[in-house]
Amino acid sequence: MFPEADIPVVQMSLRNDLDPEAHLAAGQALQSLRQEGVLIIGSGMSFHNMRGYGDANFTAPSEVFDDWLTDTVAADWETRWSALANWSKAPYATASHPLGAEEHLLPLMVAAGAAGNDKGDKIYSEQVLKTQLSAFQFG
């Protein structure tokens, strides 16, 4: 995409406590950078349960969680914040991201927090190893 590799990159670590609301707030703190042309990328996955990959028993649950996530990122700011802050209560959430191992979902919280009022859209979705994986974009 940028063959000269002249784009400054700053990596941000996740918090040890994996608090989703703290990650939403971290994204919110970065929100003004978007007006300066800074691209905020949350690298993760909509499904990441190592025991579920390749197991057809996880296909339907991963699809249900993916549908919830799709609806959630497209929601208004308040609804999105509340739902993502309480993501573990979503249908099949912990089947998709076991508690204590949700580090592949939390980058989405940072991006969603940085999005402000901009709604999210699903820009990629595919079934991989019998589980549904999706990526989202805000703004």
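This structure is a prediction, so every number in the text was calculated from the model and none was measured. (Residues numbered from 1 in each chain as written. Predicted model: local features only at pLDDT ≥ 70, side-chain atom pairs only at ≥ 80, totals over all residues. Heavy atoms only, no water.)

Asks: Sorry if this is basic, but what is going on with the packing of aromatic side chains here?
Replies: Aromatic ring pairs are reported here in terms of the distance separating the ring centres and the angle at which the planes meet. The final tally for this structure, using the stated rule, is four aromatic pairs. When the centroid spacing of 6.3 Å and the interplanar angle of 75 degrees are considered together, the rings of F47 and F58 count as edge-to-face. Taken together, the residues span a long stretch of sequence, with F47 in the loop between helix 1 (20-30) and helix 2 (59-73) and F58 in the loop between helix 1 and helix 2 at a distance of eleven residues. The two residues F47 and F58 agree in class, both being buried. Where F65 meets W68, the ring centres are 5.6 Å apart and the plane angle is 25 degrees; that geometry is what we call stacked. With a gap of three residues between them, F65 and W68 both fall in helix 2, about one helical turn apart. F65 sits in the buried class, given a relative accessible area of 0%. Judged by its relative accessible area of 19%, W68 falls in the buried class. Cluster of aromatic residues (ring-pair linked, three or more members): F47, Y53 and F58. (Phe/Tyr/Trp six-rings, centres within 6.5 Å; stacked < 30°, edge-to-face > 60°. Helix = DSSP H or I, 4+ residues; strand = E, 2+ residues; numbered from the N terminus. Buried < 20%, exposed > 50% of the residue type's maximum accessible area, 1.4 Å probe, protein only.)

Asks: Teacher, can you tell me more about the environment of H97 here?
Replies: Assignment of secondary structure puts H97 in the loop between helix 4 (93-96) and helix 5 (106-115). Sequence-distant contacts of H97, defined by excluding residues within four places in its chain, comprise M45, S46, F47, H48, F65, W87, E102, H104 and L105. (Contact = heavy atoms within 4.5 Å.)

Asks: Can you walk me through helix 1 in this structure?
Replies: Side chains three or four residues apart in an α-helix point the same way, a direct result of the helix having 3.6 residues per turn. By the burial criterion, the buried members of helix 1 are P20, A22, H23, L24 and G27. The secondary structure elements touched by the buried residues of helix 1 are helix 3 (77-85) and helix 5. For helix 1, the capping residue at the N-terminal end is D19, with a side-chain oxygen 3.0 Å from the backbone nitrogen of E21. (Polar contact = N/O pair within 3.5 Å; in protein donor to acceptor, adjacent residues only side chain to side chain.)

Asks: Would you take a moment to explain the side chain of H97 for this structure?
Replies: With relative accessibility at 0%, the residue H97 sits in the buried group. Only 3.5 Å separates the side chain of H97 from the backbone oxygen of M45, close enough to count as a polar contact.

Asks: Looking at this model, I keep getting lost on the pairing of strand 2 (residues 131-138). Mind explaining?
Replies: It is a general feature of regular strands that their side chains alternate between the two faces of the sheet. Across the eight residues of strand 2, six count as buried, placing the element largely inside the fold. For strand 1 (residues 120-128) and strand 2, the ladder comprises eight bridges, and the chain directions are antiparallel. The residue of strand 2 that forms the bridge with K122 is F136. Taking the residues between adjacent antiparallel strands as the criterion, strand 1 and strand 2 are bridged by two residues, where L129 takes a positive phi near 50 degrees. (Pairing = 2+ DSSP bridges.)

Asks: Quick question: what am I supposed to make of the packing of helix 1 against helix 3 here?
Replies: The axes of two packed helices give the description: the angle between them and the distance between them. Two elements in contact, helix 1 and helix 3, have axes separated by 8 Å at closest approach and are oriented at 140 degrees. When the interaxial angle is binned, helix 1 and helix 3 end up oblique. Contact residues: helix 1 offers P20, E21, L24, A25 and Q28, while helix 3 offers W77, W81, L84 and A85. Of the residues in the contact of helix 1 with helix 3, the class split is seven nonpolar, one polar and one charged. (Axes fitted to C-alpha atoms, helices over the stretch in contact; angles between N-to-C directions. Parallel < 35°, antiparallel > 145°, perpendicular 65-115°, else oblique. Nonpolar A, V, L, I, M, F, W, Y, C, P; charged D, E, K, R; others polar.)

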